[in-house]
Each structure stands twice: as structure tokens, then as C-alpha cells.
Amino acid sequence: MLALDGGTRLVPEGAVAPWPHIVDADRKAVLDALDAATPWHWPMRAVRELEEAWGEYTSMPYVLAANSGTAALHMAIAAAGVEPGDEVLVPADTFLASASCVLQANAIPVFVDTDIDTFALDPALIEERITSRTRAIIAVDLNGLPADHDALAAVAERHGLTLIEDAAQAHGATYRGRPVGSLGAMSGASLNGSKTLSALGEGGLFATRDEEQFKLARRVLMFGEELPGQGRDYNARIMGWNYRIDVLAAAFARSQLARLPEMTRAREANGAALTAALAGVPGIRPPVVPADRTHVYFFYPLLVMPEELGLDPADVPVEAFRDALEEAVNAEGLGIMRWQPRPVPAQTLFQDLRGYGRGCPWTCGHAAPGHAYRPEEYPVSEEICRRRLVLGQSFSSLGPPNDEGTMRLFADVFHKVLVEERDALLALARRRAAEAP
Ligand SMILES: *Cc1c(COP(=O)(O)O)cnc(C)c1O
């Protein structure tokens, strides 16, 4: 019987380890940073070590640690020379920060639909969105899978655009043998506690190959000041922020980064094991991993496919099936969720165009007139948001110490809910459909 209907839950309390996975080396690293951090002097050793280690891991020569992925992406946008009214291409299905970093520079995000297999920008749809104001493309490695960066780089080169990688969900993954964080001209990564490289609290990493971009990004990071090396002159050159990372967060992330290769191998093995174990379960489509890249499963996305069960959509709509599945799986003790219910351009910010107030940056005088965001222009992203449920992150982590045994437990839940107890699930879905407004 489904746990939802009073049966025994399949996943016992405590069977799935949370993310991040904290070991004694992490505790020691944080305590060492605590002891080394006085007198206060920027940047502290833990921060420099984190920057050096990320530079080494990605082979990017210039790295800056920041206090969030959002900040690192804003630094990249500014370093690309994006100015008010300029346009930046962004995938329609991503986290808000991939687009709001553009607004932070008073520039205009222009959304492009995504690919149903990779959940990333569809390179074939980019060119029709390019105008004389387009300056950059933000390629997001969503869920833990790199976008098709070579195809995107070719378009960027043809049109003189800067390719920026939003690496916030995919540290550790590779594309054609190259690591995430190095796949664009610049990258912004997040160290938010839930991410595959975690600062436990908040943090971010900016990386570039270009010294000028590095200097521009550093101005944004620290009050708009120039930092010549021998101390500060307290003279802001441009509009800047305080995006410095907390030293204890940096120390924790540095310690985790030392184990990133090992943690990545565990994630890859877990994802492959879960996909293999779900092979015979109808009604859900596991993630696709193209042969030229690896997946690190920050999210393990599932697209619900009630059609595979021979259901009539008039009887059980996709939405009701999805919600019933989510409810039933969660009741079995496995954390699953919808993540974002709509593409980013369908969020109120882009529907109301209020922005900073008075409609800026859309109405500030530099932008092309008449920008509007129509959700129907992103049909694939809409379809993904309609059908997607995700495992992963902190609540049903594919990261270590969870292992192939844990993945079998995950798969058992889907087998129970979608095969053994299918009639109960469908009854629930029909009830939910009847209740829907
Ligand atoms: C988490 C995330 C960000 C923002 O990172 P923060 O550290 O939370 O500011 C940006 N883009 C994507 C795709 C993310 O998942």
C-alpha cells in the first residue's frame, strides 16, 4: 500500500545522507581559518587558496572568490563590457540569477528556448534573437550537465559576442574533456550550500582568461576601486559593490574542492546506477547524457510521461499525474520536488516589467523600445516546467556518502509507486484532477 494511503514508507528516516557531506578535514579547515583570520586583512589566506585551487582545477588563470554565484555572474556581465540597454541572451529555463545578473548591469535579458534532452540553450535558436545590441550569451549547465558549448562558442564568435558560462549547478562535470568553469570566455559559479561544490553557507567563483576582464570584475567585487597590490587608494572608478566572500565559507569550500574529483566520481556512478535501475519503470523519463559530456546530478531531473501508461489526458491530465506522483513519492520518504514551476520570463518581474521601479532598465532610455516577454515563445521550456520533477540537491542527494545501494532505494520508490501501486496512484491523480480549479 502507498505510504500516502497508510502503508509503510519505503525510505526509513535517515536512510539518505544530506548534502553537503562534511568530514573532519572540513571542520579543521574552518577552524584553521578562524585562527588565521586576525588581524583582518583582505584577502585572507583561505580566500587566496580557494581562488588558486579553482584556477588550478579549471585551468583558468584569473579567479575571484565572491559572496554568491549571483555576484560572480554580475561581475562577468560587467567584465564583458555589457552596458545599459545592451542585450544578453539567456536560456528561458534556468534559475533567476542567470537573468537577473543582466538586469543588475541595467542591461536587457533576451530569452532563448531550451533543448528537451539537455535542458540547456538550444544553439539552433540563438541567431534569430541576436540584434545590433546583443553583447553576450549566458550558457547555463543546468542540473549538472554542460550545455553544448562548442556550438554556442561558434555562434558567439560569428557575431562577436562574449560567451559566459553559468557554472552554478555543474562543478565537476566535463564537456569534451574540459571542466565546467572553463567552458566560456568567463564563468560564474555558485558555492551556495546546496551546490555540487559547497561553501555550506554562501559563496561564488568568477573566472576568466583575460587580465582586463579580471580587473573589471575586481572593481565590481570591491567598491569600484582599483587594487594595485600595495593597498587601497579608496577611489572608486566605477559603480562597485561589496561582493567579498566570507573567510569561513571560503575555507569550507576550499576543503570541499580538494575532494571534488572523488565526489564527482561518486555522483557520476550514482546517476548511472539510478538511470539503470529506472529503466523498466514507465511514466518517467530519466535524464539523457550525451556521449561528449558528463553529468554530476546537482538535480536528477525526471520528466513525467503519463502517456506511456496509456492514459487519456482528458481522464488524467499531465499536471494531476505529476502532482500525484510528487505527493506519493514524498510520502514514501524520498524528497522530490517540482523546482521551478514556470520559465524565468514568465515570472512576475518579466511580465510586469517593473524592474528597478519606473520600468528600468527597459524604460531607461538606452534599451530598444517595446521589450515584452511572451511565455509562448519558449514552448520547450514551458513543456519542461510542466513535466519536471527533480531529485538531488540536499533533500535526495546523489552525492556521497550516498551510494549505489541508496540509488536502488530511490528506484524502489518509483517501482512501488508507478508499477506495484499504479492503480492507487492513478486514483489519487484523478482526485487531484477533479479538485483542480
Ligand atoms: C544557484 C544558481 C545561481 C546563483 O547562485 P547563488 O550562489 O545562489 O547566488 C545562478 N545560476 C544557477 C543556474 C543556479 O542554480
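The rules behind the values
- Residues numbered from 1 in each chain as written.
- Predicted model: local features only at pLDDT ≥ 70, side-chain atom pairs only at ≥ 80, totals over all residues.
- Heavy atoms only, no water.
- Buried < 20%, exposed > 50% of the residue type's maximum accessible area, 1.4 Å probe, protein only.
- Helix = DSSP H or I, 4+ residues; strand = E, 2+ residues; numbered from the N terminus.
- Contact = heavy atoms within 4.5 Å.
- Salt bridge = Lys/Arg side-chain N within 4 Å of Asp/Glu carboxyl O.
- Near = heavy atom within 4 Å.
- Polar contact = N/O pair within 3.5 Å; in protein donor to acceptor, adjacent residues only side chain to side chain.
- Nonpolar A, V, L, I, M, F, W, Y, C, P; charged D, E, K, R; others polar.
- Disulfide = S-S within 2.5 Å.
- Core = buried A, V, L, I, M, F, W, Y, C linked by side-chain atoms within 4.5 Å.
- Domains from an automatic or database assignment.

Draft legend 1. Representation of helix α4 (residues 97-104). Buried residues dominate α4, accounting for seven of its eight residues. For α4, every residue scored as buried is listed here: Ala 97, Ser 98, Ala 99, Ser 100, Cys 101, Val 102 and Leu 103. Against α3 (69-79), β2 (87-91), β3 (108-112), β4 (134-140), β5 (162-166) and α10 (348-352) lie the buried residues of α4. Downstream of α4 by one or two residues, Asn 106 has phi in the positive range, about 60°.

Draft legend 2. Local environment of the pattern of salt bridges. Taken as a whole and assessed by the stated rule, the structure comprises 28 salt bridges. Overlapping salt bridges, with partners in common, bring together Asp 150, Arg 176, Arg 178, Asp 292 and Arg 293 in one network.

Draft legend 3. The side chain of Asn 143, seen in detail. As for its position among the elements, Asn 143 is in the loop between β4 and α5 (149-159). For Asn 143, the residues in contact, after removing those within four places along its chain, are Phe 119, Gln 169, His 295, Tyr 297, Phe 298, Phe 299 and Pro 301.

Draft legend 4. Quick look at the site of the ligand. Around the ligand, 16 residues are found, and the nearest of them are Gly 69, Thr 70, Asp 166, Ser 190 and Lys 195. Separating an oxygen atom of the ligand from a backbone N or O atom of Gly 69 is a distance of 2.7 Å. A distance of 2.8 Å is found between a nitrogen atom of the ligand and a side-chain nitrogen or oxygen belonging to Asp 166. Listed by contribution, the elements that provide at least two residues to the shell around the ligand are α3 and α4. Counting residues per element, the shell around the ligand draws most heavily on α3, which supplies three residues. Among the residues making up the shell around the ligand, the classes are represented as five nonpolar, nine polar and two charged.

Draft legend 5. Summary view of the state of the cysteines. Throughout the structure, instances matching the rule amount to one disulfide. Through a disulfide, Cys 360 is tied to Cys 364; the S-S separation comes to 2.4 Å. On the accessibility criterion, Cys 364 (34% relative accessible area) is partly exposed. Looking at the unpaired Cys 101, the closest cysteine sulfur is the one in Cys 364, lying at 17 Å. Cysteine Cys 385 is unpaired, with the sulfur of Cys 101 as its nearest cysteine sulfur at 18 Å.

Draft legend 6. Summary view of the environment of Leu 260. Relative to the elements of secondary structure, Leu 260 occurs in helix α8 (residues 260-277). For Leu 260, a relative accessible area of 1% corresponds to the buried category. Leave out the neighbours within four places in its chain, and Leu 260 touches Trp 54, Tyr 57, His 171, Gly 172 and Thr 196.

Draft legend 7. Local environment of the nonpolar core. Met 75, Ile 77, Phe 111, Ile 138, Ile 164 and Phe 206 are the most contacted members of the largest nonpolar core, which has 48 residues in total. Secondary-structure elements contributing two or more residues to this core are β1 (62-66), α3, β2, α4, β3, β4, α6 (211-221) and β11 (299-304). The biggest single contributor to this core is α3, with seven residues. Here this core spans two domains, and each of domain 1 (24-259) and domain 2 (260-340 + 382-435) adds at least three residues to it. Formed by 38 residues, the second largest nonpolar core is a distinct cluster that contains Val 11, Leu 278, Tyr 300 and Leu 302.

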